[in-house]
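# Examining the three-dimensional arrangement
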Number of protein chains: 2
Amino acid sequence: MATGEFDLIGQYFTNKSVLRDDVITGIGDDCAILSVPAGKQLVVTTDTMVSGIHFLGDANPADVAHKLVAVNISDIAAMGGQPAWASLALTLPSFDTEWLSAFSERLHQQLQRYGVSLIGGDTTKGNMTLTLTLQGFVEQGKALPRHGAKAGDLIYCSGTIGDAAAGLKLLIDANNPDNGISENTHEAALMANDKDFLIARHQRPTARVSTGQALVGIASSCIDLSDGLASDLKHILNASSRVCGMALSANIELSALPLSTALQTYVSKARWPQYALAGGDDYELLFTVAAEHKTQLDEVMAEHDLPYTHIGEIVSVAADQPKQIEQPTQQQINYFYDKQLTPLVLQGWDHFQ
Amino acid sequence: MATGEFDLIGQYFTNKSVLRDDVITGIGDDCAILSVPAGKQLVVTTDTMVSGIHFLGDANPADVAHKLVAVNISDIAAMGGQPAWASLALTLPSFDTEWLSAFSERLHQQLQRYGVSLIGGDTTKGNMTLTLTLQGFVEQGKALPRHGAKAGDLIYCSGTIGDAAAGLKLLIDANNPDNGISENTHEAALMANDKDFLIARHQRPTARVSTGQALVGIASSCIDLSDGLASDLKHILNASSRVCGMALSANIELSALPLSTALQTYVSKARWPQYALAGGDDYELLFTVAAEHKTQLDEVMAEHDLPYTHIGEIVSVAADQPKQIEQPTQQQINYFYDKQLTPLVLQGWDHFQ
């Protein structure tokens, strides 16, 4: 439906894509035509980023492209899948060649990094809204679901958590110097490279594709950390409770949470759980493993560079509290510090937005 | 990335979908998990509709949903494919339960009509922008491409054309009474049901799925009429010229164009080609058939209710005019009226927007 100048936008995205044998027809016909390998199932995910909501209106277009791809591929990583094909729906307020060049260049770099072909899309005029639909493969019946956790399973996460929220806080404070430095953070103590690290974790996340694939056959459930560990763990608990017919809860050991040195320097210790559990946007993997698969996990992850950390256990809720399945509340997760039950009230991040 | 009230939007779209055996996991995990039947290839298309660009801000939400689905499925119909799965990216300015109810109800009706499961999506806050990504199947190697037309092929289109543009004109005139009735149209002569027919053709198009499937193995090329016959035929000519290495042109017989009685009543005869060739949004199929397949076409289409009309031929351009491949111009299509070459200048529809 694009008209005039907008037809030209497509030129930034055509014939620059990764070539894949399974793309029979890419951009240029009514539909793309694709071959799914025998024995594989298809996994599909869609994410939208809106200017002024998911990124600042003056955000670097390369960063926007970077995150758009990473966030989508992260969903495929969380299934233990291999990303393959992407469709881009690009709504832009104007034909801005500088923005388009920077955005498309990074988009192609990012897709190439993950081996993904851009197979189609649509360009339209309107407020800046970017929707990417990604498709990938999993071995038949081997996808990592949210709903497979069982009582007794160990809870792990990859990498470090809370960094992206700290990076966002740094950016917001830089844009609002009148805010001063929050009493809960210590920006002055941060080295420049730590600051860059935290901001990069917010702006340019990495999807954990090879980690997700390594977990196939080992993890009982998996999700990527987009909303924050506390929220995302509840998705696992709710889905798994429904499937096993038993109310599940989680015990999390706060002293075990994997925090970067940069985060520990920037944020007061009392606020570490807030960043690590409610921060979101880290795109690490949160997963559960049955105790009998722990050795297998350790062997497989020993071949990976990415750290992984045991942070808690799935437990069954006493039978006299069945309501928790229908009405999930904060009590679904019990927090401990050095094995002592620790009450914890997490704030939402709305005050950041 | 949705937060708070926006999480509730998903409830309008969950658990109301067509059940399909090939949807292993639908809405509710990081990705949908899908099985592609053996021997089939996947076809994928994405279309975006923006409020104020593709539909009026106060458009009936049911009509918006109707068209969003039809326009996307039409792309699969043009490949001769069978639609299967849809992902919806919904960006909305506010949580408007009335709008969401009307929109989601028609969306589900429409998807059901075409046998499509809603398998996922994303809901975000922003200016109203709707992106639907549709997936379907074609028999291995049997998709109807744009690029298969050859010199001598007969050109056909399904149904009647120009109706949607006439419907749009009626709506615009209704919204701008000061415009008066254009000298080229005769709104007063239109019966109410003709008016309703034309407006419905604009607001609630039908994707020609069974027609596309019937053409598999018979048509040499196919495209759906979204931009208007003149534009869409050029897509076939350009793609086919590149593939066969020979500059192709088309001869179109204006007296053969299939026009509805409503259009013939509403629009002055001199303006019929303008509506039929430059109107767009009819979502009929435009296709070419080698002369030796004509009998087969007639036999297959005899079992269909939908009319189809022979409107012209593909011809090869004289060898001394090779530039036309690189620089397609209006001359790629020659118009005839009762076999007399007829110069024709088509206006764009920008003045309608």
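This structure is a prediction, so every number in the text was calculated from the model and none was measured.

What counts and what doesn't
- Residues numbered from 1 in each chain as written.
- Chains lettered and ligands numbered in written order.
- Predicted model: local features only at pLDDT ≥ 70, side-chain atom pairs only at ≥ 80, totals over all residues.
- Heavy atoms only, no water.
- Helix = DSSP H or I, 4+ residues; strand = E, 2+ residues; numbered from the N terminus.
- Buried < 20%, exposed > 50% of the residue type's maximum accessible area, 1.4 Å probe, protein only.
- Contact = heavy atoms within 4.5 Å.
- Pairing = 2+ DSSP bridges.
- Axes fitted to C-alpha atoms, helices over the stretch in contact; angles between N-to-C directions.
- Least-squares fit on C-alpha atoms with pLDDT ≥ 70 in both.
- Buried area = accessible area lost by both parts, 1.4 Å probe.
- Salt bridge = Lys/Arg side-chain N within 4 Å of Asp/Glu carboxyl O.
- Polar contact = N/O pair within 3.5 Å; in protein donor to acceptor, adjacent residues only side chain to side chain.
- UniProt positions renumbered as here; feature names shortened; annotations may be inferred.
- Domains from an automatic or database assignment.

Let's shift gears to the environment of B:Pro258. Residues and elements named next belong to chain B. Residue placement: Pro258 occurs in the loop between strand E9 (248-253) and helix H7 (261-266). For Pro258, a relative accessible area of 9% corresponds to the buried category. Other than its neighbours up to four places away in sequence, Pro258 contacts Cys157, Gly159, Thr160, Ile161, Thr309 and Ile311.

The strand order E5(A)-E4(A)-E6(A)-E3(A)-E2(B)-E1(B) describes an open sheet built from 6 strands, whose pairing is mixed. At either end of the open sheet lies a strand with only one pairing partner, and these are strand E5 (117-125) of chain A together with strand E1 (23-25) of chain B. Along the sheet, successive strands turn relative to each other by an average axial angle of 20°, direction set aside. Two elements, strand E3 (residues 40-50) of chain A and strand E6 (residues 129-139) of chain A, share 11 bridges in a ladder whose sense is antiparallel. Note that in E6(A) the partner of A:Thr48 across the bridge is A:Thr131. The strands that helix H3 (residues 97-113) of chain A touches are strand E4 (82-92), E5 and E6 of chain A; relative to E4(A), the one it contacts most, it runs at about 170°.

Below, the discussion takes up the relation of the copies chain A and chain B. Superposition of chain A onto chain B requires a rotation of 180° combined with a translation of 0.0 Å along the rotation axis, giving an RMSD of 0.0 Å. Between the two chains, the operation in question is that of a two-fold axis. When each C-alpha of chain A is compared by its distance to the rotation axis, A:Asn127 comes out closest, at 3.2 Å. Looking at chain A, 100% of its interface residues are interface residues in chain B too, so the copies touch through the same face.

Next up on the list: the interface of chain A and chain B. In this complex, chain A contributes 51 residues to the contact, which on the side of chain B involves 51 residues. Here chain A and chain B share an interface that buries about 4,100 Å² over both sides, 55% of which is from carbon and sulfur atoms. Between B:Asp30 and A:Arg146 there is a salt bridge, and its shortest N-O distance comes to 3.2 Å. Counting across the interface, chain A meets chain B through 15 residue pairs in polar contact (both at pLDDT 80 or more). Elements represented by at least two residues in the side of chain A that touches chain B include exactly strand E2 (32-34), E3, helix H2 (61-77), E4, E5, E6 and strand E8 (219-224) of chain A. In terms of residue count, the dominant contributor to the side of chain A that touches chain B is E3(A) (10 residues). Note: E3(A) against strand E2 (residues 32-34) of chain B, 3 bridges, orientation antiparallel.

Per the UniProt record, "binding site: ATP" (unreviewed entry) is found at A:Gly121, A:Asp122, A:Arg146 and A:Ser226. Across 106 residues in sequence, these annotated residues place their C-alpha atoms as far as 31.5 Å from one another, rather than forming a single compact spot. Residues contacting A:Gly121, with those up to four places away along its chain left out, are A:Leu88 and B:Thr46. Looking at the secondary structure, you find A:Asp122 in strand E5. On the basis of relative accessible area, A:Asp122 is assigned to the buried category, the value being 9%.

This paragraph deals with the domain arrangement of chain A. All names here are of chain A. The domains assigned to chain A are domain 1 (5-139) and domain 2 (154-341). Computed over C-alpha atoms only, the centres of domain 1 and domain 2 are separated by 27 Å. Contact with domain 1, which involves 18 residues of that partner, is made by 18 residues of domain 2. Summing the contributions of domain 1 and of domain 2, the shared interface buries around 1,500 Å²; its carbon and sulfur component is 53%. Put simply, domain 1 and domain 2 have 2 salt bridges between them.

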